[in-house]
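If you want the building blocks of each chain, they are given just below.
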Amino acid sequence: MPVVFIGHGSPANALEDNESTRAWRRIVNSMERPKAILVISAHWYTHGCAVTAMEKPETIHDFGPPLPAPLFDLYYPAPGSPQLAHRVSELLDPHPVQMDRSWGLDHGTWCVLIKAFPDADIPVVQLSLDLSQPLPRHYELGQRLRPLREEGILIMGSGNIVHNLALMDWLNPAAPAFDWAVRFNDRIKEHVLEDNPQGVCEYRRYGQDAALSVPSAEHLCPLLYTMGARADADEVTLETDFIVHKSLSMTSVVFQTGN
């Protein structure tokens with residue numbers, strides 16, 4: 001299976017037909033049907049590492065106004081997979097992983113999957129971000145997950161390379177991006193294409209560009225998991241690659257072994 005990093009953007013994408021949501025569908029149409037999906041979402045961060053281990057994960061509406069009210073009527077009733085949760089724990093050992101039965105699928109997961117796999121018939125498991133860990137550790141955990149690809153599991157990171165909500169132009173998605181957002185997004189893309197995870201881990205060296213683009217690291221961390229799960233033979237493709245609302249990167253990346 002390939003590995004994908006999705007720039008998920010606003011939860012409102014779940015209601016829209018736009019360039020990003022069409023790309024998400026196009027990405028999954030290019031691959032075999034996965035047996036299950038493991039998602040590392042920017043919106044589940046914990047002290048310690050956890051994985052969802054319930055049979056029927058709930059759809060979590062972890063947002064509020066000014067997002068559209070119809071979002072709260074959307075549900076993604078995909079099954080869970082305790083079996084996959086235990087396999088993840090096995091692969092990450094000796095790093096401790098808690099079997100969680102209280103979280104569910106947050107919007108970093110279901111707002112993408114509702115477009116990519118609208119039938120909601122593939123088991124989905126989420127792995128949390130332990131933000132007490134240094135950035136290289138997230139890359140290392142991604143490396144340990146790599147065997148899942150050979151087992152038919154789609155590994156998906158969901159976040160945003162540039163994610164500054166405070167400076168977004170909420171009313172105009174097509175507003176020209178800030179110069180600092182473009183520079184930072186381009187630098188991180190270079191590191192991805194060059195298979196340079198250290199460059200991503202050391203993103204703070206880009207000074208003010210980094211401070212503005214990544215006010216906190218949780219939206220960048222899922223990218224490191226997907227880079228860790230990358231295979232030597234993978235081809236790397238940038239799918240959606242633009243910035244909306246001036247400071248929200250929709251760049252998505254596919255790591256896939258060529259035929």
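Since the model is a prediction, treat every value here as computed from it, not as a measurement. (Residues numbered from 1 in each chain as written. Predicted model: local features only at pLDDT ≥ 70, side-chain atom pairs only at ≥ 80, totals over all residues. Heavy atoms only, no water.)

Turning to the environment of E202, a few remarks are in order. Summarising the element assignment, E202 is placed in the loop between α6 (197–201) and α7 (207–213). Accessibility expressed as a relative area gives 34% for E202, which makes it partly exposed. As for E202 and R87, which are separated by 115 residues in sequence, their C-alpha atoms are 31 Å apart. (Helix = DSSP H or I, 4+ residues; strand = E, 2+ residues; numbered from the N terminus. Buried < 20%, exposed > 50% of the residue type's maximum accessible area, 1.4 Å probe, protein only.)

What the rule picks out here adds up to one cavity of 30 Å³ or more. If you add up the space inside the largest cavity, you get close to 50 Å³. If you trace the largest cavity, you find it lined by V4, I6, W24, I27, V28, V112, A116, F117, L154 and M156. Listing elements by their share of the lining of the largest cavity, those giving two or more residues are β1 (3–7), α1 (19–29), α3 (107–116) and β6 (153–159). Counting residues per element, the lining of the largest cavity draws most heavily on α1, which supplies three residues. Tallied by class, the residues present in the lining of the largest cavity amount to 10 nonpolar, no polar and no charged. (1 Å grid on protein atoms, 1.4 Å probe; cavity = no way out; pocket = protein on both sides within 12 Å on 5 of 7 lines; lining within 4 Å. Points joined across faces, edges and corners; volume = space filled by probe spheres on them. Nonpolar A, V, L, I, M, F, W, Y, C, P; charged D, E, K, R; others polar.)

Moving on to the packing of helix α4 (residues 135–145) against helix α8 (residues 221–228). Across the interface, α4 lies against α8 with an axial gap of 6 Å and an inter-helix angle of 40 degrees. Regarding the angle of α4 to α8, the classification is oblique. In this structure, the crossing between α4 and α8 has a hand that is right-handed. Taken together, the residues of α8 that come into contact with α4 (itself represented by L135, H138, Y139, L141, G142, Q143 and L145) are C221, L224, Y225, M227 and G228. Taken together, the residues of the contact of α4 with α8 break down into eight nonpolar, four polar and no charged. (Axes fitted to C-alpha atoms, helices over the stretch in contact; angles between N-to-C directions. Parallel < 35°, antiparallel > 145°, perpendicular 65-115°, else oblique. Left-handed = near helix turned anticlockwise from the far one by under 90°. Contact = heavy atoms within 4.5 Å.)

Okay, the packing of aromatic side chains next. One pass over the structure, following the stated rule, counts six aromatic pairs. Ring geometry for W44 and W103: centres 5.5 Å apart, planes at 5 degrees, overall stacked. With W44 in strand β2 (residues 36–46) and W103 in the loop between β4 (97–100) and α3, the pair connects residues that are 59 residues apart, well separated along the chain. Residue W103 is classed as partly exposed on the basis of its relative accessible area, which comes to 24%. The rings of F63, F72 and W110 are connected pair by pair, giving a single aromatic cluster. (Phe/Tyr/Trp six-rings, centres within 6.5 Å; stacked < 30°, edge-to-face > 60°.)

Time to look at the layout of surface pockets. The space that makes up the second largest pocket amounts to roughly 350 Å³. Around the second largest pocket, the lining is made up of 19 residues, and of these S10, A12, E16, P173 and H245 lie nearest the centre.

Scanning the model with the defined rule gives 12 salt bridges in all. Ionic pairing is found between R187 and D209, a salt bridge with its closest N-O pair at 3.3 Å. Within this pair, whereas R187 is found in helix α5 (residues 179–193), its partner D209 is found in helix α7, the two being separated by 22 residues in sequence. Residues joined by salt bridges that share partners form a network here, namely R87, E90 and E151. (Salt bridge = Lys/Arg side-chain N within 4 Å of Asp/Glu carboxyl O.)

Let us look at the pairing of β2. When you tally the buried positions in β2, you get nine out of 11 residues, the bulk of the element. Here β2 pairs with β6 via six bridges, running parallel. Bridging across to β6, A36 finds its partner in I153. (Pairing = 2+ DSSP bridges.)

Along the chain, D93 connects to P94 via a cis peptide bond; the corresponding omega equals 15 degrees. For P94, the position within the fold is in the loop between α2 (82–92) and β4. Phi at D195 takes a positive value of approximately 55 degrees, unusual for a residue other than glycine. Positionally, D195 belongs in the loop between α5 and α6. Phi at H245 takes a positive value of approximately 55 degrees, unusual for a residue other than glycine. Its location among the elements puts H245 in the loop between β8 (243–244) and β9 (248–249). Since its relative accessible area comes to 12%, H245 is described here as buried.

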